[in-house]
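Examination of the molecular architecture
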Amino acid sequence: MYEGPVQDLIDELGRLPGVGPKSAQRIAFHLLAAEPADIGRLQDALQKVKEGVVFCDVCGNVSAETTCRICRDAKRDVTLICVVEEPKDVLAVERTREFKGRYHVLGGALDPLSGVGPDQLRIRQLLQRIGNQVDGKDVAEIIIATDPNTEGEATATYLVRMLRDFPGLTVTRLASGLPMGGDLEFADELTLGRAMSGRRVV
């Protein structure tokens, strides 16, 4: 335990995701040794994040304006919507360069034990988007890209139940299975089972 502001800084850094006590201590002492100009830039960046970043009115992604860059892009296919949990998931899908539609960020996943229900997520806004035409076109497909864990699967199941009655709407789920370059013998039963059930014709 250190005295005063140093320990306060370590405690606050330790609350960040993925930062343990030792990492928090290393960062704190790095900041202590840093030049005042470096600390000033860090302070400015943190201040701008809180004051200058907003969430897109359409999809819920982080943005510098009321409508994000992807939603403003006229080249995007408005008939395809990929539903993700968090803004970081948008970046992950974008890096594949395979998806040319638009996104909808839920803001989390269903987790009743943590008090996160449908009303805490942006599900109502998703239903409104599906019901409204964009440039005279209806949404044709919803791609559910929630995480392949208990909360993500529960969210996907709930969304499928909510969306199945929309006429002409196709609801799909991201495939899951074996990673590229992996060995079959080292795959766990759940992953291998999903790969088997999600097989496709070649």
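Conventions adopted
- Residues numbered from 1 in each chain as written.
- Predicted model: local features only at pLDDT ≥ 70, side-chain atom pairs only at ≥ 80, totals over all residues.
- Heavy atoms only, no water.
- Pairing = 2+ DSSP bridges.
- Helix = DSSP H or I, 4+ residues; strand = E, 2+ residues; numbered from the N terminus.
- Axes fitted to C-alpha atoms, helices over the stretch in contact; angles between N-to-C directions.
- Contact = heavy atoms within 4.5 Å.
- Buried < 20%, exposed > 50% of the residue type's maximum accessible area, 1.4 Å probe, protein only.
- Right-handed = clockwise from strand over helix to strand, strands pointing away.
- UniProt positions renumbered as here; feature names shortened; annotations may be inferred.

**Some words on the sheet that holds strand β3 (residues 77-84)**
- Strand order in the open sheet formed by four strands is β4-β3-β5-β6, and the pairing between neighbours is parallel. Strand pairing shows two members of the sheet lacking a second neighbour, β4 (101-105) and β6 (170-173), which therefore form its edges. Geometrically, the sheet is characterised by an average inter-axis angle of 25 degrees between neighbouring strands, direction not taken into account.
- Pairing between β3 and β4: five bridges, direction parallel. Bridging across to β4, Val84 finds its partner in Val105.
- In this fold helix α6 (residues 123-131) packs onto β3, β4 and β5 (141-144), with an angle of close to 150 degrees to the strand it touches most, β4.

**Considering the pairing of β4**
- Of all the five residues making up β4, five are buried; the element is thus mostly covered by neighbouring parts of the structure.
- You can see the chain leave β3, run along helix α5 (residues 87-96) and come back into β4, and the turn it takes is right-handed.

**Concerning the UniProt feature "zinc finger region: C4-type" (unreviewed entry) in the protein**
- According to UniProt, the positions carrying the feature "zinc finger region: C4-type" (unreviewed entry) are residues 56-71.
- Along residues 56-71, the helical share is 19% and the strand share 12%, with 8 Å between the first and last C-alpha atoms.

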